[in-house]
Amino acid sequence: MKILFSMLEKMRPLFEKDGKLSRLGPIFQAADNFFFAAPEKTKTAPFGRDPLDVKRYMSLVIIAILPSFIAAVYFFGWRILLTLLVSYAAGGIVEVLFAVIRKEEINEGFLVTGFIFPLILPPGLPLWLVAVGVIFGVLVGKEVFGGTGRNIFNPALVGRIFLALGYPSAMTGAWIDPAMGKWGQLLSPIRLTVAEAVTSATPLVLAKGGTLLPPLDLFLGRVTGSAGETSVLAILLGGIFLIIVGVASWRTIVAILLSFAGLNAILHGVLPAAVSPVWFNLSAGGILFGAFFMATDPVSSPITQSGKWAYGILIGAITILIRSFSGFVEGAMFAILLGNICAPLIDEVVIRTRMRRYADER
Amino acid sequence: MKIHGGYTPKISGKPKSNVEELPLPGVLQLSLERGGLSYKPIVKNGQKVEFGDSLAEASLNGGTLLLPSPASAKVTLIQNNGKKSLALEVSDAGIIIGKYEKFQPQRITAEKMRQALAKGGIWPLFWSSRTGEIPALTETRLPKAIIVNCILTEPFRARGKVILRRSWNRIVAGIRFLPRLLVDYGTIQIILTARHDPVARMMYVDLAGHALVRFHSVPLLYPIENPRILSQAIRKSDSSFKKDDVIWAIDVQGVEALGACLAEGLPLYQRVVAAGGPGHSSPKHLCVRIGTPVTALMSEDNKPGGGKPPESLILRGGLIRGEPVDSVTGAVQYDDDAFFFLPSAAERQFISFMRPGFDRTSYLPCFASRITGAPDRHISTMQRGEKRPCIACGLCESACPARLIPQVLHRYLYRESLDEAEKAGLNLCVNCGLCTYICPSKIELQKQFLEAREQIRLEHEEIAAAASSKSEKNENSI
Ligand code: SF4
Ligand code: SF4
């Protein structure tokens, strides 16, 4: 630790304003602040501050997604770790490049995007497509808007939808059957490419044909699907953690799940043949993962607390409508993206209403 | 009395609740610029004054406020970087009871009371909802209610209970005088933690029969002590208040001084201050003469060269609103009640964002201290994180006691649209600083709001000036 500290201190002058490598300053700063807490002192009141910073905020999200990641590795093999590395590397390069060009700090938000991205993809997707997707997502979903905090869409989602629209056959051909044994895929070697033979249908596709998979398999995640989305158990573990530590907005989550389940129940009551029951729809596909980890992304959801209710209700309802009545079997991604589009609008309405009250109070 | 938002961080170094009397130091330092007032000395350099003699005066909307001497002493006028102050070389430590006229609550007239309070140096401790500052001495619109606030939640202001226990009789005497300042059928609103607590009950008994007194209990959340928050809550709790009814507020130490002034003829001469925070090695309440230098508040090993805890930044006021005072020349002034010792040197913690955080407390329940209940021992003048663009986490909104959405204001101001910011409630901000305190992106929201308001004020003034010069021109041309 001491050695590391003195090493960083020795290197510091190189990266400072007039140093030889001053252009790479953001990289040095990111490394420096990764290992040691930021050295800045407060200049205005309050002179003492709350210890929470963006780094910790983002690392809490990553901790919450960890169970889903572990489940993904268990069911679909170590290949998932490889896709994660590719996602971090490719997206990281874009992030760092923009930080250096803009002469801004490197933002921690990317660590979450890069972590989520491989988990919402079919586990057998070729690695180069993972890279293409994440680069597109970070570039178009975030950097063109001016970086973390200014983006309208969830960058991971943008990348995912780009792949779904741009490479539909690769995407649908990349599902892997989950491992069944006690050790899952933990003991099998990494498969770089996945033979077509192992691809199979996801629960939602099967449901269209009238087959409902058993609840236990869905709950544990022993089904085909996007790498991190299959295990209800893992998602709940992480999701509840996020709510307890106060990082995810419980309003968004509750609103999505309630509106989704409510509308689902009504539709199932009216059209039992076309619409699957609530328990099945909740535990299959990407709705849970989306509700807990994607719709709650604070930047791309409404910023007002009451706006979050409207946003959640919208996403939940649209997801079930797409699932039930369109050619797509999964609607969560599109619904969240639509929610992202509406978020500023919802905020505007909430803020205008508030403004009227402020005018009264004056 | 439901109050929105608020948060009181749990910090180590909470002052003990006994009050230690500090011996009178040889020299007292009185600042002539306090609380937005600027006093002009009315004594000469080298002049000898007696306890309670007037040292300086300040004018306030037509009236004159006086600054009484807290001790018998020889006066030296000092000018330091354009800041004027008085140094008093104490010649006699005694106080003179009955230095001023003594009164009975039933006999005193409102006019006499105001004069006595202006002379005793107590008037500036009042706050008026009409001005947002000290009420004018000649104010004709009398308050419909006076709030007596016994709760100070900011770490670590002198606690109301400590003062109540210490100066019970003076406080009760003070409350008996207050109705003189009200309109007919106005009320005294006493703010306490809980109605059933022994102090509240005692007050209930002692003030029984005073139809004008009302009790309120409020949650212990910063910034409940803010007079604007309190007066808003009082208005909401009682529908008989009209929008433009005036409310005044004073805190419990102010009432104590008021009681001492009117019933015993004493000027404002001492304060109970809390000296605490992680940088203080024996945090406690101290009763000190006004003008006591801050060095006297330090414990032995805090003093320069004393060794133990790391050097501290001394904040006048609490942790959140406090401003640094010079540890050499700073002194306790008539409106001080707290000095926070904030450690200034801190190590850069190794991978701090991954540590469980047993020694740190946060607004979000994401540090291990939330489970153990340990206070924050790690707080210092470090910013504790890097500045980042707003991540829209919404913490500022949930903490804001004025029900604003600070991040929206921040966005408007970032785009420099002052108009929108004004519409979004910028002027309702009570400057509590909580949003800045908790923002994980370390954005200095409150400072930004303060500057924007100043800018708006200047613009309005310019417009008004332009309008008046225009009308003048018109008149001339006619
Ligand atoms: S607390 Fe800071 S980062 Fe969070 S919403 Fe408010 S301004 Fe943005
Ligand atoms: S906006 Fe103003 S009132 Fe609200 S938390 Fe910030 S400083 Fe306090």
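Since we're looking at a predicted model, the values are computed, not measured. (Residues numbered from 1 in each chain as written. Chains lettered and ligands numbered in written order. Predicted model: local features only at pLDDT ≥ 70, side-chain atom pairs only at ≥ 80, totals over all residues. Heavy atoms only, no water.)

1. Describing the overall build of chain A
Along its length, chain A carries 16 helices and zero strands. Radius of gyration (C-alpha) of chain A: 22 Å, near the 21 Å computed for a compact globule of 362 residues. Reported as C-alpha extents along the three principal axes, the dimensions of chain A are approximately 70 × 65 × 35 Å. Buried residues in chain A amount to 55% of all 362 residues. When the accessible area of chain A is evaluated, it comes to approximately 15,300 Å², of which 74% is carbon and sulfur surface. (Helix = DSSP H or I, 4+ residues; strand = E, 2+ residues; numbered from the N terminus. Rg over C-alpha atoms; globule rule 2.2 N^0.38 Å. Buried < 20%, exposed > 50% of the residue type's maximum accessible area, 1.4 Å probe, protein only. Areas by Shrake-Rupley, 256 points an atom, 1.4 Å probe, with all protein chains shown as cover.)

2. Things to note about the interface of chain B and chain A
Chain B puts 77 residues into the contact, and the matching count from chain A is 58 residues. Summing the contributions of chain B and of chain A, the shared interface buries around 5,900 Å²; its carbon and sulfur component is 55%. Between the two partners, chain B and chain A, sit six salt bridges. The tally of links between chain B and chain A comes to 28 residue pairs in polar contact (both at pLDDT 80 or more). Of all the secondary structure elements, the ones that give two or more residues to the side of chain B that touches chain A are β18 (312-316), β19 (323-324), α8 (395-399), α9 (406-414), α10 (418-423), α11 (434-438) and α12 (445-477) of chain B. Residue contributions to the side of chain B that touches chain A peak at five residues, all from α9 of chain B. (Contact = heavy atoms within 4.5 Å. Buried area = accessible area lost by both parts, 1.4 Å probe. Salt bridge = Lys/Arg side-chain N within 4 Å of Asp/Glu carboxyl O. Polar contact = N/O pair within 3.5 Å; in protein donor to acceptor, adjacent residues only side chain to side chain.)

3. Topic: the sheet that holds strand β7 (residues 54-60) of chain B
The strand order β5-β7-β8 (chain B) describes an open sheet built from three strands, whose pairing is antiparallel. At either end of the open sheet lies a strand with only one pairing partner, and these are β5 (40-41) and β8 (63-68) of chain B. (Pairing = 2+ DSSP bridges.)

4. Re the site of ligand 1
Every residue near ligand 1 is listed here: Cys390, Ile391, Ala392, Cys393, Gly394, Cys396, Gln407, Cys439, Pro440, Ser441 and Leu445 of chain B. For the shell around ligand 1, the class distribution of residues is eight nonpolar, three polar and no charged. (Near = heavy atom within 4 Å. Nonpolar A, V, L, I, M, F, W, Y, C, P; charged D, E, K, R; others polar.)

5. Observations regarding the packing of helix α12 (residues 250-270) of chain A against helix α15 (residues 305-325) of chain A
The relative placement of two packed helices comes down to the angle between their axes together with the axis-to-axis distance. Residues and elements named next belong to chain A. Direction vectors running N to C along α12 and α15 enclose 35°, while the axes themselves pass 7 Å from each other. Of the two elements, α12 crosses α15, and the hand of that crossing is right-handed. When grouped by side-chain class, the residues that make up the contact of α12 with α15 number 15 nonpolar, eight polar and three charged. (Axes fitted to C-alpha atoms, helices over the stretch in contact; angles between N-to-C directions. Left-handed = near helix turned anticlockwise from the far one by under 90°.)

6. Focus on helix α4 (residues 79-102) of chain A
Residues and elements named next belong to chain A. With 24 residues, α4 should reach 34 Å at 1.5 Å per residue; the first-to-last C-alpha distance of 34 Å fits that figure. Within α4, the full set of buried residues consists of Arg79, Ile80, Thr83, Leu84, Ser87, Ala90, Gly91, Gly92, Val94, Glu95, Ala99 and Val100. Against α2 (25-35), α3 (54-76), α5 (109-119) and α6 (127-141) lie the buried residues of α4. Downstream of α4 by a residue or two, Lys103 has a phi angle that is positive, lying close to 60°. (Expected span 1.5 Å × (residues − 1).)

7. Overview of the layout of surface pockets
Estimated volume of the second largest pocket: approximately 840 Å³. Around the second largest pocket, the lining comprises 29 residues; the ones closest to its centre are Gly149, Arg150 and Ile303 of chain A together with Arg411 and Arg415 of chain B. Among the elements of the structure, α16 (332-361) of chain A together with α9 of chain B are those that each provide at least two residues to the lining of the second largest pocket. Take the lining of the second largest pocket: its biggest share by element is six residues, from α16 of chain A. Among the residues forming the lining of the second largest pocket, the class breakdown is 13 nonpolar, six polar and 10 charged. (1 Å grid on protein atoms, 1.4 Å probe; cavity = no way out; pocket = protein on both sides within 12 Å on 5 of 7 lines; lining within 4 Å. Points joined across faces, edges and corners; volume = space filled by probe spheres on them.)

8. Observations regarding the pattern of salt bridges
Opposite charge on two side chains lets them pair, provided their charged atoms get close. Under the definition given, this model contains 32 salt bridges over all chains. Of the charged contacts, one joins Glu143 of chain A and Arg102 of chain A as a salt bridge, the two residues approaching to 3.1 Å between their closest N and O atoms. You can see Glu143 of chain A sitting in the loop between α6 and α7 (155-166) and its partner Arg102 of chain A sitting in helix α4, a full 41 residues away along the chain. The class of Glu143 of chain A is buried, set by a relative accessible area of 4%. The partner of Glu444 of chain B in a salt bridge is Lys387 of chain B, with the nearest N and O atoms 3.8 Å apart. Remark: Lys387 of chain B occurs in the loop between α7 (369-372) and α8 and Glu444 of chain B occurs in the loop between α11 and α12; sequence separation between them is 57 residues. Among the charged side chains, a network of salt bridges with common partners joins Lys55, Glu105 and Glu108 of chain A together with Glu386 and Arg388 of chain B.

9. Quick look at the pairing of strand β17 (residues 284-289) of chain B
A regular strand places its side chains on the two faces of the sheet in alternate fashion. All names here are of chain B. In terms of residue burial, β17 counts as a mostly covered element, since six of its six residues are buried. The alternating pattern of β17 places Lys284, Leu286 and Val288 on one face and His285, Cys287 and Arg289 on the opposite face, and all of these are buried. Strand direction decides the pairing type here: strand β1 (residues 16-21) and β17, joined by four bridges, are parallel. Counted as the bridge partner of Glu20 is Leu286 from β17. Examined bridge by bridge, strand β16 (residues 270-276) and β17 share six bridges and lie antiparallel to one another. If you follow Gln270 over to β17, its bridge partner there is Arg289.

10. Looking at a nonpolar patch on the surface
Residues and elements named next belong to chain A. Where nonpolar side chains cluster on the molecular surface, the patch consists of Met7, Met11, Leu14, Leu21, Leu24 and Ile27 and spans about 450 Å² of accessible area. Among the elements that make up the nonpolar patch, the one with the highest residue count is helix α1 (residues 2-15) (three residues). The topology assignment puts Met7 in helix α1. The exposure class of Met7 is partly exposed, given its relative accessible area of 45%. (Patch = residues over 30% accessible without salt bridge, like charges linked within 9 Å, V, L, I, M, F, W, Y side chains within 5 Å.)

11. Considerations on the nonpolar core
One finds Ile116, Phe289, Phe293 and Met294 of chain A to be the most contacted residues of the largest nonpolar core, which totals 115 residues. It is α3 of chain A that provides the largest number of residues to this core, a total of 14 residues. Apart from residues lying up to four places away in sequence, Phe289 of chain A is in contact with Ile65, Ser68, Ile116, Leu119, Ile120, Gly228, Glu229, Ile235 and Met294 of chain A. Listed in part, the 68 residues of the second largest apolar core include Leu60, Phe103, Ile163 and Trp168 of chain B. (Core = buried A, V, L, I, M, F, W, Y, C linked by side-chain atoms within 4.5 Å.)

12. Some details on the pairing of β8 of chain B
Residues and elements named next belong to chain B. The buried count for β8 comes to five of six residues, which makes it a mostly enclosed element. Of the strand pairs in this sheet, β7 and β8 are connected by six bridges, and their pairing is antiparallel. Bridge assignment links Ser54 to a residue of β8, and that residue is Pro68. Between the end of β7 and the start of β8, which pair antiparallel, lie two residues, with Asn61 showing a positive phi angle near 40°.

13. Re the domain arrangement of chain B
All names here are of chain B. According to the domain assignment, chain B consists of domain 1 (19-264) and domain 2 (390-478). One C-alpha centre belongs to domain 1, the other to domain 2, and the line joining them spans 31 Å. Each partner contributes to the interface: domain 1 provides five residues, whereas domain 2 provides nine residues. Each partner contributes to the roughly 580 Å² buried at the junction of domain 1 and domain 2, and carbon and sulfur atoms together form 56% of this total. Contact with domain 2 buries area across many residues of domain 1, yet Tyr222, Arg228 and Ile229 alone supply 65% of it, more than any other trio. (Domains from an automatic or database assignment.)

14. Regarding unusual backbone geometry
Geometrically, the link from Ala45 of chain A to Pro46 of chain A is a cis peptide bond, its omega value of -10° lying close to zero. Here Pro46 of chain A shows up in the loop between α2 and α3. Here Pro155 of chain B and Phe156 of chain B are connected by a cis peptide whose omega angle stands at -10°. Topologically, Phe156 of chain B is positioned in the loop between β12 (145-149) and α2 (160-166). Backbone geometry places Arg384 of chain B, a non-glycine residue, at a positive phi of 60°. Even without a glycine there, the phi angle at Ala392 of chain B is positive, about 60°. With respect to the secondary-structure elements, Ala392 of chain B resides in the loop between α7 and α8.

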